[in-house]
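What the coordinates show
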Amino acid sequence: MKLLNKGAYLRAGLITLITLIIFNIAGANPAYAVQKKAADTSVSAADVTFTDIPTAADSLAIRKKQADSVKKTEAAKTSKAPAAASKTAEKPKSLWQIFIEGLLGGFTAVILPCIYPLLPLTVSFFTKKSGSKSKAVMQSLIYGVSIIVIYVTLGLLISIIFGSDALNELATNGIFNIFFFLLLIVFGISFLGAFEITLPSSLANKLDANSDKGGLAGIFFMASTLVVVSFSCTGPIIGTLLVDAASKGDRLGPAMGMFGFSLALALPFTIFALFPSALKTLPKSGGWLNSVKIVLGFLELAFALKFLSNVDLAYHWNWFDREIFLSLWIAIGLLIGLYLIGKIKFSHDSDVKYLSIPRTFLAIITFAFVIYMIPGLWGAPLKSISAFLPPEATQDFNLSAIPDGSDSSSAAAPSAAIPASIGERKYAANYTRIKTKGLDAWYDYDQALQVSKALHKPILIDFTGFNCVNCRKMEANVWSDPQVFSRIKNDFVLLQLVVDDKAELPVAEQFVSDYSGKKITTLGGKWSNLEAQRFNSNSQPLYVMLNSDGNLLKDASGAEIPTSPANYDIASYLKFLDSGIAAYKK
């Protein structure tokens, strides 16, 4: 079948495919657009067991069902809460972020030994078979679009099979996090060369046979053969992308991640078909391709540790401390550096007779990063990576100083003693591992109201989480500022409510939410329900300032909202805190 003789059908097919892809992007709607829709697209509720944070679509359905109930509850609580709600809608990770990560993963996959050598072979095949440059370009374009369709379909199937509810459980669910940890360990060991993850050879042979049919179908089967044959290299990257997108993104995250990945994978085939002479400028295949796999294998092992840390914190195992995490990262970094300079060699590696310029620079960067992490073993804040590490409170040996707020403009009077009738801090034993050094937080809403009345101070609620990357970033980069630290310590009753705590509530305290209709059985579920029902938010960190009667002083602030006072800017956060103090004094 000749492609040009089928021009009308081919053009129609391409237009249809491209239109579908464009609509997929447009319909995916980045998180910024979600913020414009106010409360209707932002409210969620906690799950029964796993303290889920539903997507905007799920929240919309809940809001529709519970509208009357919410209005009554809000009216009884505070007249200002709806205003705050419109400013607190934010996705844990936007679709554009997932797309860019997929794009980077795809470009990385291109330089792996399963794909890179196929570039000149495939382009030469199209050039010779077609007989003209225009046909070669058209065939390579169809080839690239076929790759995109295959991978996007895979991402959509992940979302359809598991559903949005299941995908949203992944972020804090212990079983899933352990599974992901083990999965990434397997991927890392595979990249290191212990074994190859491959799909059945019979599948590859069948697809390869179908590729001889010619025409549009033949090219599609050629693309399918590439996907199957290269799975030993792309599988770990695809798996990592899907895990991250599913657990931290929108329910369309897996499809968007696969779109970015496949687009980066398909582009070189089309570009080199347009400019075949450029193939001569590509570096020749060799041992450096395997080096890329080895380095990625080490990075997979490092990335896997984050999932293990998530489970350790949420389920109070208390054995994966910050220095253990850092020690493992330092060891992995040293191994990468030594491998890059040729001091470590695997059985399938070629000899490194001399250091190339890229290897030299990568080795310098790796060793510098290792040196940067070492002081963290003694409590250095390591602000640039603190969001990915276990909290500083998990450090057994910490020499870091408490921020000195003596130069703060805050003029708080000495606090009165806390009445003995308030009792011990409820649930405090659960949160010693996320406690900010020098700050004495409370962890129960009703108890914080009592303390606020006794001390005559406003309440600062910090809706946070064990696995909240942005919370750790705010604590390390903003709360560590002496003036901010002084305001929180001296002028507020700090109330930290951890929405992903898996600790079971006593049976007498378990309840069915009048907001979501679900039974709340965990402590984290209780606070997640409060955040969604009262403040119309499902994101963390969320900062809310209340007076002693529980009334809102100022609009709530979330660190991931571009217009928020708490968007990782110290000066803005200080103004936010000062506005609450001023409102309380009035």
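The present account deals with the structure reproduced in this document. (Residues numbered from 1 in each chain as written. Predicted model: local features only at pLDDT ≥ 70, side-chain atom pairs only at ≥ 80, totals over all residues. Heavy atoms only, no water.)

**Quick look at the overall build of the chain**
The helix and strand inventory of the chain stands at 20 helices and 6 strands. The 586 residues of the chain split such that 53% are buried. Put simply, 75% of the contacts in the chain that link residues at least 6 apart link residues at least 24 apart. (Helix = DSSP H or I, 4+ residues; strand = E, 2+ residues; numbered from the N terminus. Buried < 20%, exposed > 50% of the residue type's maximum accessible area, 1.4 Å probe, protein only. Contact = heavy atoms within 4.5 Å.)

**Concerning unusual backbone geometry**
Not every positive phi belongs to a glycine, and Leu382 is a case in point at roughly 50 degrees. Relative to the helices and strands, Leu382 is located in the loop between helix H15 (357–373) and helix H16 (445–455). One non-glycine residue with positive phi stands out, namely Tyr427, at about 65 degrees.

**A closer look at a nonpolar patch on the surface**
A surface patch of nonpolar side chains, amounting to about 440 Å² of accessible area, comprises Phe107, Leu267, Ile271, Leu274 and Phe275. The element contributing the most residues to the nonpolar patch is helix H12 (residues 253–274), with 3 residues. Among the structural elements, Leu274 can be located in helix H12. According to the relative accessible area criterion, Leu274 is partly exposed, its value standing at 32%. (Patch = residues over 30% accessible without salt bridge, like charges linked within 9 Å, V, L, I, M, F, W, Y side chains within 5 Å. Areas by Shrake-Rupley, 256 points an atom, 1.4 Å probe, with all protein chains shown as cover. Salt bridge = Lys/Arg side-chain N within 4 Å of Asp/Glu carboxyl O.)

**With respect to the packing of aromatic side chains**
Using the criterion set out here, one finds 17 aromatic pairs in the structure. Aromatic pair Phe298 and Phe346: ring centres 6.3 Å apart, planes at 55 degrees, arrangement tilted. With Phe298 in helix H13 (residues 287–314) and Phe346 in the loop between helix H14 (322–340) and H15, this pair connects stretches of sequence that are 48 residues apart. Looking at Phe298, the relative accessible area reads 6%, which means it is buried. Geometrically, the ring pair formed by Phe320 and Phe325 is edge-to-face, given 5.7 Å between the ring centres and 75 degrees between the ring planes. Each member of the pair, Phe320 together with Phe325, is buried. By the ring-pair criterion, three or more aromatic residues cluster together here, those being Trp319, Phe320, Phe325 and Trp329. We note Arg425 situated over the ring of Trp442; from NZ or CZ to the ring centre the distance is 4.0 Å. (Phe/Tyr/Trp six-rings, centres within 6.5 Å; stacked < 30°, edge-to-face > 60°. Lys NZ or Arg CZ within 6 Å of the ring centre and 35° of its normal.)

**So, the nonpolar core**
Of all hydrophobic cores here, the largest spans 51 residues; its most connected members are Ile461 and Tyr573. Among the elements of the structure, H13, H16, strand S1 (459–464), helix H18 (482–491), strand S2 (493–498), helix H19 (523–535), strand S5 (542–546) and helix H20 (570–585) are those that each provide at least two residues to this core. Ile148, Val152, Phe259 and Leu296 belong to the second largest nonpolar core, which has 39 residues in total. (Core = buried A, V, L, I, M, F, W, Y, C linked by side-chain atoms within 4.5 Å.)

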